[in-house]
Amino acid sequence: MAGEPDLTSEQMKDEPMFGILDITLLLALVGMGAWWLLKNKKKTEEPVTKSYSIQPTAMTTQVTNNSFIKKLKSSGRSLVVFYGSQTGTGEEFAGRIAKEGMRYHLKGMVADPEECEMEDLINLKDIPNSLAVFCLATYGEGDPTDNAMEFYEWLQNGDADLTGLNYSFIKLFSHYLSIEEDFITWKDRFWPAVCDFFGIESTGEDVSVRQYKLTEHEEVNHDRVYTGEVARLHSLKNQRPPFDAKNPFLAKIKVNRELHKSGERSCMHIEFDIEGSKMRYETGDHVAVYPQNNETLVNRLGELLGVNLDTVFTLTNTDEESSKKHPFPCPCSYRTALTYYIDIACNPRTHIIKELIDYTMDPKDQEHLKLMSSTSTEGKQLFSKWVTQDNRNIVHILEDLPTCRPALDHLCELLPRLQPRYYSISSSPKVYPNSVHVTAVLVEYETPTGRTNKGVATTWLAAKKPKDDTEPPLVPIFIRRSQFRLPTRTQTPIIMIGPGTGLAPFRGFVQERNQSKEEGKPVGDTILYFGCRKKAEDFIYEEELTEYVNKGVLKMNVAFSRDQKEKVYVTHLLENTLDEIWRVIGEHNGHLYVCGDARNMARDVHNIVLKVVQEKGNMTEADALAYVKKMEAQKRYSADVWS
């Protein structure tokens, strides 16, 4: 994962930044899972009020009772939707399912499995006619998200007695850009099937209920107002370990240099100083960066809506049973929310498009929005073209629909949270114990509407260059563990396949193997397959890699796709070295690693590996497939890929 996408369409660029986070979306209609209760009433919207005092609210959830069963009973609910989410997509979809349940007389509750006693699942069957839905994402090589890890392990251990419960899992393995369409298609089948099976009917009404109540503060004690903290108030000023997703470390940028030698594109090598943080990382881990939205985009949104962005406000959940009292740290100013907490650069999903209808005056624009938010084939095609392919964010939509002027607080409720961007660490802690290195392509491109879109994180990072005689720039970061690991035995041979910024984790691998060799340890073959456009333009880390080759640490195969008439890619190099690949993975039990594009490159590599095993290992197609699956299970075939 050399880097996660800054914009929803960056996956369409030549060097996308990441993506299997929330791409393998697991929507599980669990029969832990297929029980209903039909006695709920429609939730009414609470009026907007203003208060004159501020009470800051910590975002760390204070749970006094983790029994979701008791919450269901006490609040008269029939539907609980659990989510596993790493970048917010799973949580967003869970909220939409819970909200739509009201159309079927089902009062819903969204729940984080990490904050619930999931052992209570065995008691859910004792509640007549209730429903549980699991909306779970995976990342990496199908790993559970952090908040669903304990639940996953509990199920794997087999300790739960789920006798009498029916299971039904629906898996969507989807490209990022089609997740929304797949989700809508799934819902179109899900709800009618539920109605048919249980003999219930939809109310036929589109539910538009505000989840949060607005309070705008007229008297402000600025010392009690959030200014971009992830959770604890003043946590960015008063830093204290341990540092994690809710308490990031403010790292100094020691180095921010250009890796490309020429051309219009840019690739950055960035070094974060983690000395004194007590953070530790392993080669192959990821570093998460909390970015900020572009100031121009923030100001433009305030201008379009005629809002004073310095107004301090709070959004409070109208559901008193919810453990999530606020959508983001409150109170804060609109400017802070739009800069640090809300993703204003993403392509809004269909449920947001639907909410914009009531804020639109022009009848033609209303019909335009209605069609895009519908589930018809024509509507899906229009949404795909007008929002996704044309790459419109909320600012672009408001610019192109001048009579659409939603309430800013409602947008703050609807738009997803601005998520941290994850990057493969391109250094080894055995060589750089006090710094974390990142390799990231600057994302900037023109959309079909003639606008220039810029990656949120990479654009923000590009401006953070350390200068002499000034304090170095600071960036909130934390470390996330991965399963992308070198073999325990240094003499085990490895093959690394990483074109473009897919080279990132392998730079750390090579550093570590070189360190082992200098320490006198036996080191097996370390073979790299790298690809870029032109040798004189974007051969990143060329001098460093060449030095390792000269020292006998590294064997390198490089494809320059545009240095000759016929394009040559990494996959072509692999096709020409089938014997060497088999020697490593078949004869010497070596490891094979892939980092880069999941859509094409990683799939093509997988097919080549199958070909190698079948042809050079003299196996049938079925045996070759079983061999490769065993390699994956043994962590001898690992992928760190994005779409």
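See the structure above.
To keep things clear, this report deals only with the structure shown in the data block. Predicted model, so just to flag it, every value in this text is computed and none were measured.

Parameters at a glance
- Starting from 1, residues in each chain are numbered consecutively following that chain's sequence as written.
- With the structure being a predicted model, the display of local features is reserved for residues of pLDDT at least 70 and the display and counting of side-chain atom pairs for 80 or more, all residues being used for whole-chain, interface and lining totals.
- The side-chain figures draw on all heavy atoms in the structure; neither hydrogens nor water molecules are used.
- Buried means the residue's accessible area, taken with a 1.4 Å probe over protein chains only, is under 20% of the maximum for its type, while exposed means over 50%, and partly exposed covers the values in between.
- Numbered from the N terminus, helices here are DSSP runs of H or I no shorter than four residues, and strands are runs of E no shorter than two.
- Two strands pair if DSSP finds at least two bridges between them.
- Only heavy atoms enter the contact rule, under which two residues are in contact if any of them lie within 4.5 Å.
- Multiply 1.5 Å by the residue count of a helix minus one, and that product is the helix's expected span.
- Note that the arc is computed from the directions linking the helix axis to the C-beta atoms.
- Salt bridge, as used here, is a side-chain nitrogen of Lys or Arg placed within 4 Å of a carboxyl oxygen of Asp or Glu.

It is worth spelling out the pairing of strand S5 (residues 131-139) at this point. Of all 9 residues in S5, 9 are buried; the element is thus mostly enclosed. Along S5, one buried face is formed by Leu131, Val133, Cys135, Ala137 and Tyr139 and the opposite face, lined by Ala132, Phe134, Leu136 and Thr138, is buried too. As judged from the 6 bridges shared by strand S3 (residues 79-84) and S5, these two strands associate in the parallel manner. Among the inter-strand pairings, Tyr83 is bridged to a residue of S5, identified as Cys135. Note that S5 and strand S6 (residues 143-144) share 2 bridges and pair antiparallel. What sits directly across from Tyr139, in S6, is Asp143.

With that settled, the discussion passes to the environment of Gln419. Turning to its location among the elements, Gln419 is positioned in the loop between helix H12 (408-414) and strand S14 (421-424). For Gln419, a relative accessible area of 18% puts it in the buried group. Gln419 sits 131 residues away from Ala288 along the chain, and the two C-alpha atoms are 9.4 Å apart. Every residue in contact with Gln419, bar those within four places of it in the chain, is listed here: Gln86, Thr87, Gly88 and Pro291.

Between the first and last C-alpha of helix H5 (residues 179-198) there are 28 Å, a value that for 20 residues agrees with the 28 Å anticipated at 1.5 Å per step. Buried residues of H5: Ile179, Glu180, Phe183, Ile184, Trp186, Lys187, Phe190, Trp191, Val194 and Cys195, and no others. Buried positions in H5, seen along its axis, are confined to an arc of 165 degrees and lie on one side of it. In H5, those exposed residues whose orientation departs by more than 90 degrees from the buried face are Arg189, Asp196 and Phe197. Within two residues after H5, Gly199 carries a phi angle of roughly 70 degrees, on the positive side.

Evaluated as defined, the whole model comprises 36 salt bridges. The shortest N-O distance in the salt bridge between Arg392 and Asp390 comes to 3.1 Å. The pair Arg392 / Asp390 is uniform in exposure class, with both members buried. A salt bridge links Arg451 to Asp400; the shortest N-O distance between them is 2.8 Å. Of this pair, Arg451 sits in the loop between strand S16 (444-446) and strand S17 (452-454) while Asp400 sits in helix H11 (residues 394-400), and the two are 51 residues apart along the sequence. Accessibility expressed as a relative area gives 17% for Arg451, which makes it buried. Here the salt bridges share partners, and the residues they tie into one network are Arg300, Glu303, Lys385, Asp390, Arg392, Glu399, Asp400 and Arg451.

Omega for the peptide link from Pro241 to Pro242 comes to 5 degrees, which places this bond in the cis form. Summarising the element assignment, Pro242 is placed in the loop between strand S8 (212-217) and strand S9 (249-258). In the segment running from Cys330 into Pro331, the intervening peptide bond is cis, with an omega of 0 degrees. Phi at Asn589 takes a positive value of approximately 55 degrees, unusual for a residue other than glycine. Looking at where Asn589 falls in the secondary structure, it is placed in the loop between helix H18 (578-587) and strand S22 (591-597). Positive phi, close to 60 degrees, is recorded for Lys635, a residue that is not glycine. Within the secondary structure, Lys635 sits in the loop between helix H20 (621-633) and strand S23 (637-642).

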